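# Fold and geometry: a report
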Amino acid sequence: MYEFLQYQVRDAMTADPIAIGPDATLREVEALFEAHDFNGVPVVDGHHHLIGVLTKFDLLKAFSFDSHTLVPHYDQIMEQPAEAVMTRDPVSVDQHLPLSRLLQKLVEMHTKSLPVVDNGRLVGIIAREDVLKALRRATLQHELPVHAESSP
Amino acid sequence: MTTLLYTHPACLEHDTGFGHPECPARLTAILNVLRRSPFAALEWRDAPAAEIAQLTRIHPQAHVERLLAQVPRQGHHAIDGDTILSPGSGEAALRAAGAACAAVDAVLNGEANNAFCAIRPPGHHAEPRQAMGFCLFGNTAIGAAHARAAHGLERVAIIDFDVHHGNGTQAAVEQDAGYLYISTHQAHIYPGTGRRNECGVGNIVNLPLMANSGSADLRHVWRQDIEPALREFQPQLIVISAGFDAHYLDPLAELNFNEDDYAWLTGQILAVAADYCEGRVVSLLEGGYNLPALATSVAAHVKALMEAPKAAQRSLVKNILERQKAKRNAAGL
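What you are looking at is a predicted structure, and each value in this text was computed from that prediction instead of being measured. Along each chain, the written sequence defines residue order, and numbers are assigned to residues from 1. By the order in which they are written, chains take letters starting at A while ligands take numbers starting at 1. Per-residue local features of the predicted model are confined to residues with pLDDT of at least 70, and side-chain atom pairs are confined, for both listing and counting, to 80 or more; whole-chain, interface and lining totals are unaffected and use all residues.

## Some points on the overall build of chain B
Rules: Each helix is a run of H or I in the DSSP string that is no shorter than four residues. Each strand is a run of E no shorter than two, and both are numbered from the N terminus. What the globule rule says is 2.2 Å times the number of residues to the power 0.38, and the radius of gyration is computed from C-alpha atoms. The exposure label follows from counting other C-beta atoms within 10 Å of a residue's C-beta, where the C-beta atoms are placed from the backbone and the thresholds are 20 or more for buried and 12 or fewer for exposed, leaving partly exposed in between. In this description, a residue-residue contact is defined by the distance between C-beta atoms placed from the backbone, which must lie within 7 Å.
If you tally the helices and strands in chain B, you get 10 helices and 10 strands. Scaling as 2.2 N^0.38, a compact globule of 333 residues should have a C-alpha radius of gyration of about 20 Å, and chain B matches this with 19 Å. C-alpha extents for chain B along the principal axes are approximately 75 × 45 × 40 Å. For chain B, with 333 residues in total, the buried portion stands at 53%. Across chain B, every contact between residues at least 6 apart in sequence was considered, and the portion connecting residues at least 24 apart equals 75%.

## Concerning helix α5 (residues 139–151) of chain B
Residue and element names in this part refer to chain B. For clarity, the cut-off: To estimate how far a helix should reach, multiply one less than its number of residues by 1.5 Å.
With 13 residues, α5 extends 17 Å between its outermost C-alpha atoms, agreeing within 8% with the 18 Å of an ideal straight helix rising 1.5 Å per residue. Burial within α5 is extensive, with 10 of its 13 residues counted as buried. Buried within α5 are the following residues: Asn139, Thr140, Ala141, Ile142, Gly143, Ala144, Ala145, His146, Ala147 and Arg148. One or two positions beyond α5, positive phi appears at Gly152, with a value near 70 degrees.

## A look at the interface of chain A and chain B
The condition is simple: The classification used treats Ala, Val, Leu, Ile, Met, Phe, Trp, Tyr, Cys and Pro as nonpolar, Asp, Glu, Lys and Arg as charged, and all other residues, Gly among them, as polar.
Each side of the interface is counted separately: chain A has 8 residues, and chain B has 12 residues. Partitioning the side of chain A that touches chain B into residue classes produces 3 nonpolar, 4 polar and 1 charged.

## Description of the sheet that holds strand β8 (residues 204–209) of chain B
Residues and elements named next belong to chain B. Formally: A pair of strands is labelled paired if DSSP reports no fewer than 2 bridges between them. Axis geometry follows a simple rule: fit a line to the C-alpha atoms, using only the stretch in contact for helices, then measure angles between N-to-C directions, giving values from 0 to 180 degrees.
Sheet architecture is open: 8 strands sit in the order β2-β1-β5-β10-β9-β6-β7-β8, paired in parallel fashion. With partners counted over all chains shown, the strands left at the sheet margins are β2 (43–46) and β8, one partner each. On average, adjacent strands in this sheet sit at an angle of 15 degrees to one another, irrespective of strand direction. As judged from the 5 bridges shared by strand β9 (residues 237–242) and strand β10 (residues 281–285), these two strands associate in the parallel manner. For Ile240, the partnering residue across the bridge sits in β10 and is Ser283.

## What about the packing of helix α1 (residues 24–34) of chain B against helix α9 (residues 291–306) of chain B?
Residue and element names in this part refer to chain B. Threshold: Roughly parallel means an angle under 35 degrees; roughly antiparallel means over 145; roughly perpendicular covers 65 to 115; every other angle is labelled oblique. A clockwise turn of the near helix away from the far one marks a right-handed crossing, whereas an anticlockwise turn of less than a right angle marks a left-handed crossing.
Following both chains from N to C, one finds α1 and α9 inclined at 45 degrees, their axes separated by 9 Å at the closest point. For the element pair α1 / α9, the angle class is oblique. Regarding α1 and α9, the two cross each other, and that crossing is right-handed. Facing Ala25, Arg26, Ala29, Ile30, Val33 and Leu34 of α1, the residues of α9 in contact are Leu291, Leu294, Ala295, Val298, Ala299 and Val302. Residue classes in the contact of α1 with α9 are distributed as 11 nonpolar, no polar and 1 charged.

## A closer look at the sheet that holds strand β7 (residues 121–127) of chain A
Residue and element names in this part refer to chain A. Taken together, 4 strands build an open sheet; the order of strands is β1-β7-β6-β5 and the sheet is mixed. One side of each edge strand has no neighbouring strand; the edge strands of this open sheet are β1 (14–15) and β5 (93–94). Relative to β7, β1 runs antiparallel, the two sharing 2 bridges. By the bridge assignment, Ala15 is partnered in β7 with Gly124. Relative to the sheet, helix α7 (residues 128–140) contacts β1, β6 (113–118) and β7, its axis offset from that of β7 by approximately 65 degrees.

## Topic: the confidence of the model for chain A
Filter applied, for reference: The score called pLDDT rates the predictor's confidence residue by residue, from a low of 0 to a high of 100.
For chain A, mean pLDDT is 91; residues scoring 70 or higher make up 92% of the total. For residues 148–152 of chain A, every residue scores under 50 in pLDDT, and the model assigns this stretch 1 contact once sequence neighbours within four places are set aside.

## A closer look at the environment of Pro72 of chain B
If you trace the backbone, Pro72 of chain B turns up in the loop between α3 (61–69) and β3 (77–78). Residue contacts for Pro72 of chain B: discarding those within four places in its chain leaves His77, Leu85, Ser86 and Pro87 of chain B.

## Description of the pairing of β6 of chain A
The two faces of a sheet get side chains in turn, since along a regular strand they alternate between them. All names here are of chain A. Bridge count for β5 against β6 is 2 bridges, and the pairing is parallel. Paired with Val93 across the bridge in β6 is Val116. Note that β6 and β7 share 6 bridges and pair antiparallel. Residue Asp118 lies in a different strand from β7, and its bridge partner there is Arg121. Counting the residues that bridge the hairpin from β6 to β7 gives 2 residues, and of these Asn119 lies at a positive phi of roughly 55 degrees.

## Quick word on the nonpolar core
To keep it simple, the criterion reads: We call a set of buried Ala, Val, Leu, Ile, Met, Phe, Trp, Tyr and Cys residues a nonpolar core when their C-beta atoms link them within 7 Å.
Within the largest apolar cluster, 103 residues are counted, with the highest numbers of intra-cluster contacts made by Ala97, Ala103, Cys117, Ile142, Ile158 and Ile238 of chain B. With 12 residues, the single largest contributor to this core is helix α4 (residues 89–108) of chain B. Core analysis: the next-biggest nonpolar cluster, separate from the first, contains 31 residues, Leu50, Ile51, Met86 and Leu122 of chain A among them.

## Thoughts on the pairing of strand β7 (residues 179–186) of chain B
Residues and elements named next belong to chain B. For clarity, the threshold we go by: Looking down the strands as they point away from the viewer, one classifies a crossover as right-handed if the path from the first strand across the helix to the second runs clockwise.
Among the 8 residues that make up β7, 8 are buried, leaving the element largely enclosed by the rest of the structure. Going residue by residue along β7, you find Tyr179, Tyr181, Ser183 and His185 tucked away on one face and Leu180, Ile182, Thr184 and Gln186 tucked away on the opposite face as well. Of the strand pairs in this sheet, strand β6 (residues 156–160) and β7 are connected by 5 bridges, and their pairing is parallel. Bridged to Ala157 within β7 is Leu180. With helix α6 (residues 167–173) bridging β6 and its parallel neighbour β7, the resulting β-α-β unit is right-handed. In terms of strand pairing, β7 meets β8 through 6 bridges, oriented parallel. Following the sheet pairing, His185 is matched in β8 by Pro208.

## Some words on the environment of Asn119 of chain A
Relative to the assigned elements, Asn119 of chain A resides in the loop between β6 and β7. On a C-alpha basis, the gap between Asn119 of chain A and Leu50 of chain A in space is 9.9 Å, while along the polypeptide they are 69 residues apart.

Have a look at this one:
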């Protein structure tokens, strides 16, 4: 586990992830989720600055009961732009954050992934799977078997 | 004394399109249950078509004419995403409002204790100038207004236990203290109205319930708010907007009422009616979109209406006991 403490977010993240603009429709976003098995996608402006995150949860939420119609209408909702339902000012992490701290954040927030930024610009995505992989990698060669530690 | 059942085959001809939750099968499911032996004592009556003059007590004439003119000769016409007209919708809507007026006439003329109107389209979202939310004409408000205008009643109470707030009924009566409108509904869903601070001229009692509220919450608001308001008002007639979509199996909302709750609530309303207006209650179908749950809930409601004389007797006994107690108290015993 000592090696894991040396890792930063950028060592484990997916760099240059797929991102969408604020005017992508929910239909396009769902197609993206379908094709890549993403749970969420970052939303960036023309300068690649992170302005939001849109997850499957946000898509579900777009269909929840509201005060406008008795029954939500599929086509009408799926033509909405991403910016209408995305989470604005999302929590993001710096690429130099220690991975141990990132792990802590994922646990506390019950979230599946977080966008990674460098001065506001989107540079990566770090997900639960990435951290699990890093844990495995960090301990694969260096961790001593338990019984070896206890012998003199 | 009997319970009347008003309905009409025309109400099955209001076709809202494939898959629409407010469908003719709702009514079929209800009528199939009410044809069974426990309901043999129901007196079935055909709902007449409402006269235009009955509608215009609530809706401006121009609006009524425009709405009826929008009824298509074939296919469908969408008033909004929820509210659809088909060639049969005009007559269905007139029969639904007509049932309300005929039931009010029958009950006030002493032909029956109470009446249930198995009708569609529903009515409580229909505002004076805007059809919406599956509703074309405001059946409940039209029935209540008929009781006032044609029978000279001064105080008509409306209880609306549909899971959605009856914005249309409220809009129709909120400026007139001769009506009391009480609504339980789920907060924050369609149509967005029905907050506690919407009080009209002191004649509106809105009781929004949070998602997942159930039997205990219903009993709480009955004791805390509904019964005291009703008794203070001393109604000469109670009209019920009977929606059954607060049932725990309904797909359009998230309250958790069950059949026993509907039977209990109906019994409570009848007991108040027995105290103030000789048990006179007219109940009109509004929502309810899980067909089996709708059928069993309506059955529980109508069964309670049919057992009303017993409830009235119980209430009478309770009154006598209370009066005796008051006398004893006054005598210092």
